[in-house]
Amino acid sequence: MTAETLTQGRLNRALLARQLLLERSSISLPAALEQLAGIQNQYAPNAYIRLWSCVAGFRRADLTEAYESGAVVQGTLMRGTIHAVSAADYHRLLAGIRRPLQRWAERVYRGDASGRQEVVARLRHALAGSSVRRAELQALLDGVEATIRGTIDTDAELLRVPPSGTWARRRAGIYALADDVLGGHEEVSDEVGLAHLVGRYLAGFGPASLDDIAGFTGVPKTALKPVLAGLSPRLFRDESGRELLDVPDAPLPAEETPAPVRFLPTWDATLLVHARRTGILPEQYRPLIFNSKIPPSLPTFLVDGRVAGTWRWESGEIRLAPFGEVSPQARAELEEEAHRLAAFHADAGPDTRADGRGTGRVVRSSTA
């Protein structure tokens, strides 16, 4: 049977639906993070802003409380970057990416990794039942080979824990063992973890190519192929004839489906190269969002499912910098959503809802 061809417009709407950007959802924060395949979170406000765009009635206190209870955790995962994920997903995702990260460190640092297990055991013993700041962690690793230090977060299963890594205290510089935070350990094989990771990716970002899956997970294609064969994915093709893989029953809205204005934080995973097939970031704008002069990237806003400009919070205001002309209808919708985002930034307590009116003005800056 010939695989169905999906247009870029339909792939765009599939991405938005699966990333909860077509309409805000009422699901729990752990469930939202599982649907999103986690949130890349080198900058602590990212997860707050992204969840505000995805979850109905979300308050800043909701995520902080989820971190404090251990329902949501922050750890080094896909591509060696910090991600916010559900507690239930942590060990499974970790099992999928740990060995590829070790191999990466061995290639990059070319040092002796023979003492890895001993170092990990010593560090886990030192941290058991406690937490340490970054300087203390570095002291515990003094003299350890870079090949081992480079993957210590994943090998020792370290999490960044509150009060650090929150909206109020943004530098995620306090570490604890995942077993202590989660109240136990889930032993997951590499094979099960990798299958779980691929399933999460396709459910959150698919339909996608093998290259796309490898780009997001950081796992070589040779390791992914047997996993995909075991998943029996449904098959599609894009307009260039490239094969796309998907999980069963995931949404595939029509490309005419209306897409509301949405605001995204820095380094949002939907804009990275693995999702290029969806056209969510027009290629002429990519150098404006990601370049060497602005390493953290820029926060963006979507109009009709595509990046149309950048935004920033400054002196109690949301400042918009569109990349081109915006229709009067879209401008009105942008201002409405930006007022809500300004109120979210100005939230002084748990009773202020993200969808309520609050302080903050929208100031349109010149076109970028």
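Report follows, based on the coordinates. (Residues numbered from 1 in each chain as written. Predicted model: local features only at pLDDT ≥ 70, side-chain atom pairs only at ≥ 80, totals over all residues. Heavy atoms only, no water.)

1. Quick word on the overall build of the chain
Here is step 1 of the chain: A tally of helices and strands in the chain yields 15 helices and 14 strands.
Here is step 2 of the chain: With respect to the three principal axes, the spread of C-alpha positions in the chain is 65 × 55 × 40 Å.
Here is step 3 of the chain: Classification of the 368 residues of the chain by burial places 54% in the buried group.
Here is step 4 of the chain: Surface accessibility of the chain: about 16,300 Å² in total, with carbon and sulfur atoms responsible for 50%.
Here is step 5 of the chain: Between the mean site of the 44 positive side-chain charges and the mean site of the 44 negative ones, the chain shows a separation of 4 Å. (Helix = DSSP H or I, 4+ residues; strand = E, 2+ residues; numbered from the N terminus. Buried < 20%, exposed > 50% of the residue type's maximum accessible area, 1.4 Å probe, protein only. Areas by Shrake-Rupley, 256 points an atom, 1.4 Å probe, with all protein chains shown as cover. Lys, Arg positive; Asp, Glu negative; His and termini not counted. Charge placed at Lys NZ, Arg CZ, Asp CG, Glu CD.)

2. Looking at the pattern of salt bridges
Here is step 1 of the chain: Throughout the structure, instances matching the rule amount to 28 salt bridges.
Here is step 2 of the chain: The partner of Asp211 in a salt bridge is Lys221, with the nearest N and O atoms 2.8 Å apart. Residue Asp211 is found in helix α12 (residues 210-217), and its partner Lys221 is found in helix α13 (residues 221-231); the two are separated by 10 residues along the sequence.
Here is step 3 of the chain: Arg312 serves as the salt-bridge partner of Glu314, at 3.0 Å between the closest nitrogen and oxygen.
Here is step 4 of the chain: One continuous salt-bridge network, built from bridges that share partners, spans Arg24, Arg262, Glu336, Glu337 and Arg340. (Salt bridge = Lys/Arg side-chain N within 4 Å of Asp/Glu carboxyl O.)

3. Some remarks on a nonpolar patch on the surface
Here is step 1 of the chain: Together, Trp104, Val108 and Tyr109 make up a nonpolar patch on the protein surface, roughly 280 Å² of accessible area in all.
Here is step 2 of the chain: Residue position: Trp104 is located in helix α5 (residues 87-109).
Here is step 3 of the chain: Given a relative accessible area of 36%, Trp104 falls into the partly exposed group. (Patch = residues over 30% accessible without salt bridge, like charges linked within 9 Å, V, L, I, M, F, W, Y side chains within 5 Å.)

4. Thoughts on the environment of His83
Here is step 1 of the chain: Inspection of the secondary structure assignment puts His83 in strand β4 (residues 82-86).
Here is step 2 of the chain: His83 has contacts with Ala37, Gly38, Ile39, Gln40, Asn41, Val73, Gln74, Gly75, Leu77 and Met78, leaving out every residue within four places of it along the chain.
Here is step 3 of the chain: Among the polar contacts made by the side chain of His83, one reaches the main-chain carbonyl oxygen of Thr81 at a distance of 3.1 Å. (Contact = heavy atoms within 4.5 Å. Polar contact = N/O pair within 3.5 Å; in protein donor to acceptor, adjacent residues only side chain to side chain.)

5. A closer look at the pairing of β4
Here is step 1 of the chain: Here β4 lies mainly inside the structure; five of its five residues are buried.
Here is step 2 of the chain: Pairing analysis gives two bridges linking strand β2 (residues 39-40) to β4, with the strands arranged antiparallel. Note on β4: the bridge partner recorded for Ile39 is Ala84.
Here is step 3 of the chain: Sheet topology note: the strand β3 (residues 72-76)/β4 ladder contains five bridges and is antiparallel. Pairing of Thr76 across the sheet is with Ile82, part of β4.
Here is step 4 of the chain: Linking β3 to β4, which pair antiparallel, is a turn of five residues; within it Arg79 sits at a positive phi near 60°. (Pairing = 2+ DSSP bridges.)

6. What about the nonpolar core?
Where a protein is soluble and globular, its nonpolar side chains tend to be buried together.
Here is step 1 of the chain: Judged by nonpolar contacts, the single largest core of 82 residues is most densely connected at Leu51, Phe58, Leu63, Ile213 and Phe263.
Here is step 2 of the chain: With sequence-adjacent residues up to four places away left out, Ile213 is seen in contact with Val198, Tyr201, Leu202, Ala208, Leu224, Leu228 and Leu245.
Here is step 3 of the chain: In this structure, Leu127, Leu141, Leu158 and Leu177 belong to the second largest nonpolar core, which totals 15 residues. (Core = buried A, V, L, I, M, F, W, Y, C linked by side-chain atoms within 4.5 Å.)

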